[in-house]
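Chain by chain, the residues:
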Amino acid sequence: MSAEGRSAPRPESGRVVITGMGAITPSGNDVDSLWDSVVTGRSAISVLEGEQFVDLAVRIGGQVSDFDAEAILPRALARRLSPVQHWAIAAADQALAQAGIISPGAGAKTGAGAKTGAGAKTGAGAQTDDADAGDLAWDRSRVAVIAATGSGPVDAMQNATRSLLDAGPRTVPLTLAIHGAPDSAAALLSQRFDFRGPGQGVSATCASGAIGLGEGMRRIRHGYADAVLVVGMEDCLNPVNLASNANMRALAAGFEDDPTSASRPFDSARSGFVMSQGAGAILLESEAGAAARGATVLAELAGFGAASDAHHPTNPHPDGRGAASAMSEALADAGMVPESIDHINAHATGTPAGDAAELNALDSALGAPAHSIPITATKSSTGHLLGASGVVEAIIAIRTMAEQTLPPTLNLETCEFDGWDIVTGQARAVHHSEKPIDTVLSTSFGFGGHNGAIILRRPRTD
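Everything quoted here is computed from the prediction, not taken from an experiment.

1. Considerations on the sheet that holds strand 4 (residues 143-148)
Consider a sheet: its strands pair through backbone hydrogen bonds, and that pairing is either parallel or antiparallel. The ten strands lie next to each other as 5-4-6-7-1-8-14-13-9-10, forming an open sheet whose pairing is mixed. One side of each edge strand has no neighbouring strand; the edge strands of this open sheet are strand 5 (199-202) and strand 10 (375-376). Pairing geometry for strand 9 (residues 343-345) and strand 10, over two bridges, is parallel. Each bridged residue has a counterpart across the sheet, and for Ile-344 the counterpart in strand 10 is Ile-375. Across the sheet, helix 4 (residues 83-98) lies against strand 1 (16-24), strand 6 (227-234) and strand 7 (278-286), angled at about 135° from strand 1, the strand it touches most. Its contacts with the sheet place helix 7 (residues 184-193) against strand 4, strand 5 and strand 6, and it is angled at close to 145° to strand 4.

Have a look at this one:
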């Protein structure tokens, strides 16, 4: 088949489903640990230890811990990459293993750029020439990779700048040009698994993950890909990014003595968000393709919408007009009405203006039904993973449907807003006699007025 023939779009493929998930987060280094932490109401926020944080106005955040990059990468490569790229690779390994594309642990100790037959007996990243399309259920040129992030490996540029200023230009690592860009993880993952479709970055600040999922869905739906690996990733827990956000008064300040109480979505005492780091990965594929290879479907990505506030660099539009447009577009895309939504995983970062604008947007997009839909703000547990949050919260939403249990919103002691069903205190189990949680609206908004919304649906049983 010619390269031109492989790249030509095919007829629209219908439903897009999720068959694999992976997560490296402050709440745990796999999906099960993440879910257990969130559903049991444990906070992942702690005081940031280290001399570099001592003089900062805000010294709390959600840190990834107990993670060993050299368990999945050769030492030399691990040292060249940034932690955010380590997490993206690990989350992708988990997602592809769950989807049955590689064996669990198959990516360990292998190098990005090695020839690989992902899913072959030798495992992803193994040194093998057996890399033809027969190793996959798909043509490799029709498997795309999207790396969704607001900032990418910011530590690489910051470290290189320090080297330049302290010791001169010859000390600037040449790998900065290769691995220092926000989209570099897409290239790393394409090489690791020999996925030859488009590899690209998607950057829309804190809406990056949701928009990355939506763009991946559209690529499959419109016939340009059979599968898309979407990885949301972020690591801004460094003095520069923390200081900038603190100076802007966007962060919850003054909680060093009680960091677990800092993230307070919808609470009258909320004062800002809590920054976290990590990565989440989701494998999207066509429903027909998943059925043909006998894959287990975890959920359907049923709808997607995106819009801009066109209002202010940091403040959301008070009416939430961009957010409302994104939600309305997602509903229309899914062919749903507001009454079809069973649960909302809210963006809800705990900023005074942001939480209010989001509820205004829900009012505008969903109308009266919005007030009877249970809402959870899981950033109260995980912190705000910025560009990774949309993927991580999609994973939580999928587990919410699978377990029929609504995670709680932490630290909501005095709700500022009346007439909303916000899940607080403990997780809320859905009993057999009650309406099941079959659909979840997950929202993501960011600085610059970026807005993304996705709708997830439980797998069909027919």
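2. Overview of unusual backbone geometry
The phi dihedral of Thr-205 falls on the positive side, at around 45°, and the residue is not glycine. Among the structural elements, Thr-205 can be located in the loop between strand 5 and helix 8 (208-221). In the Ramachandran plot, Ala-310 falls in the positive-phi region, its phi being about 50° despite a non-glycine side chain. Here Ala-310 shows up in the loop between strand 8 (299-308) and helix 11 (321-334).

3. Looking at the packing of helix 11 against helix 12 (residues 352-366)
It is the contact of helix 11 with helix 12, at a shortest axis distance of 8 Å, that shows an interaxial angle of 40°. Looking at the two axes, helix 11 sits oblique to helix 12. Judged by the twist between their axes, the crossing of helix 11 over helix 12 is right-handed. Where helix 11 abuts helix 12, its residues Ala-323, Ala-324, Met-327, Ser-328 and Leu-331 lie against Glu-358, Ala-361, Leu-362, Ser-364, Ala-365 and Leu-366. Within the contact of helix 11 with helix 12, the residues separate by chemical class into eight nonpolar, two polar and one charged.

4. Section: the packing of aromatic side chains
Within the structure shown, the criterion is met by two aromatic pairs. Residues Phe-266 and Phe-417 carry aromatic rings whose centres are separated by 6.3 Å and whose planes lie at 90° to one another, so their mutual orientation is edge-to-face. With Phe-266 in the loop between helix 9 (239-247) and strand 7 and Phe-417 in the loop between strand 11 (405-406) and strand 12 (428-429), the pair connects residues that are 151 residues apart, well separated along the chain. Each member of the pair, Phe-266 together with Phe-417, is buried.

5. Digging into helix 11
Between its terminal C-alpha atoms helix 11 stretches 20 Å, which fits the 20 Å expected from 14 residues at 1.5 Å a residue. Restricting attention to buried positions, one finds in helix 11 the residues Gly-322, Ala-323, Ala-324, Ala-326, Met-327, Ala-330, Leu-331 and Ala-334. In this fold, the buried residues of helix 11 make contact with strand 8, helix 12, strand 13 (439-446) and strand 14 (450-457). Gly-335 lies just past helix 11 and shows a positive phi near 70°.

6. Points about the pattern of salt bridges
Tallied over the entire structure, the rule returns 23 salt bridges. The partner of Asp-93 in a salt bridge is Arg-192, with the nearest N and O atoms 2.9 Å apart. Here Arg-192 lies in helix 7 and Asp-93 lies in helix 4, a separation of 99 residues in the sequence. Each of the two residues, Asp-93 as well as Arg-192, counts as buried. Across the pair Asp-194 and Arg-140 runs a salt bridge whose closest N-O atoms are separated by 3.6 Å. Of the two residues, Asp-194 sits in the loop between helix 7 and strand 5 while Arg-140 sits in the loop between helix 4 and strand 4, which places them 54 residues apart along the sequence. Taken individually, Asp-194 and Arg-140 each receive the classification buried, so the pair is uniform in this respect.

7. Some points on the side chain of Glu-358
Along the chain, Glu-358 falls in helix 12. Of the side chains with opposite charge, Lys-379 lies nearest to the buried Glu-358, which makes no salt bridge, at 7.1 Å. Leave out the neighbours within four places in its chain, and Glu-358 touches Met-327, Ala-346, His-347, Ala-348, Thr-443 and Phe-445.

8. Looking at the pairing of strand 8
Most of strand 8 sits out of view: eight of its ten residues are buried. Sheet topology note: the strand 1/strand 8 ladder contains two bridges and is antiparallel. Its bridge partner being in strand 8, Val-17 is matched across the sheet by Glu-300.

9. Examining the side chain of Ser-184
Within the element layout of this structure, Ser-184 appears in helix 7. A residue is classified by how much of its surface remains accessible, and Ser-184, at 5% relative accessible area, is buried. A polar contact is formed between the side chain of Ser-184 and the side chain of Gln-85, at a distance of 2.7 Å. Apart from the residues within four sequence positions on either side, Ser-184 is in contact with Gln-85, Pro-153, Ile-178 and His-179.

10. Notes on the packing of helix 8 against helix 14 (residues 389-403)
The geometry of helix 8 relative to helix 14 is characterised by a closest axis approach of 5 Å and an angle of 75° between their N-to-C directions. The orientation of helix 8 with respect to helix 14, classified from their angle, is roughly perpendicular. In this structure, helix 8 uses Gly-209, Ala-210 and Leu-213 to contact helix 14, whose residues at the interface are Gly-390, Val-391 and Ala-394. Here the contact of helix 8 with helix 14 is composed, by residue class, of four nonpolar, two polar and no charged.

Rules used in this analysis
- Note on numbering: residues in each chain are counted from 1, in written sequence order.
- Local features in this predicted model are restricted to residues of pLDDT 70 or higher, and side-chain atom pairs are both shown and tallied only at a pLDDT of 80 or more, whereas totals for entire chains, interfaces and linings draw on every residue.
- Only hydrogens and water are set aside when side-chain values are computed; all heavy atoms of the structure are taken into account.
- Strand pairing requires that DSSP identify at least two bridges connecting the strands.
- Put simply, DSSP marks the helices as runs of H or I at least four residues long and the strands as runs of E at least two long, and each gets a number from the N terminus on.
- Throughout, a contact is declared for two residues whenever any of their heavy atoms are within 4.5 Å.
- Between N-to-C directions, angles cover 0 to 180 degrees, with each direction set by a line fitted to C-alpha atoms, over the stretch in contact for helices.
- By the definition adopted for this analysis, an angle is roughly parallel if under 35 degrees, roughly antiparallel if over 145, roughly perpendicular if from 65 to 115, and oblique otherwise.
- Crossings are classed by handedness, with left-handed meaning an anticlockwise turn of the near helix from the far one by less than a right angle and right-handed meaning a clockwise turn.
- Charged residues are taken to be Asp, Glu, Lys and Arg, nonpolar residues to be Ala, Val, Leu, Ile, Met, Phe, Trp, Tyr, Cys and Pro, and polar residues to be all remaining types, Gly included.
- Stacked, tilted and edge-to-face are the three classes applied to pairs of Phe, Tyr and Trp rings, where Trp contributes its six-membered ring and a pair requires centres within 6.5 Å; stacked means planes under 30 degrees apart, edge-to-face means over 60, and tilted covers the rest.
- Only protein chains enter the accessibility calculation, which uses a 1.4 Å probe. A residue is then buried if its area is under 20% of the maximum for its type, exposed if over 50%, and partly exposed in between.
- Expected span, for any helix, means 1.5 Å times one less than how many residues it has.
- Each reported salt bridge corresponds to a side-chain nitrogen of Lys or Arg within 4 Å of a carboxyl oxygen of Asp or Glu.
- Residues scored as charged are limited to Lys and Arg (positive) and Asp and Glu (negative), so that His and the chain ends carry no count.
- Within 3.5 Å is the distance limit for a polar contact, defined as a pair of N or O atoms, with the added protein rule that one can donate a hydrogen and the other accept it, and that residues adjacent in sequence qualify only through two side-chain atoms.

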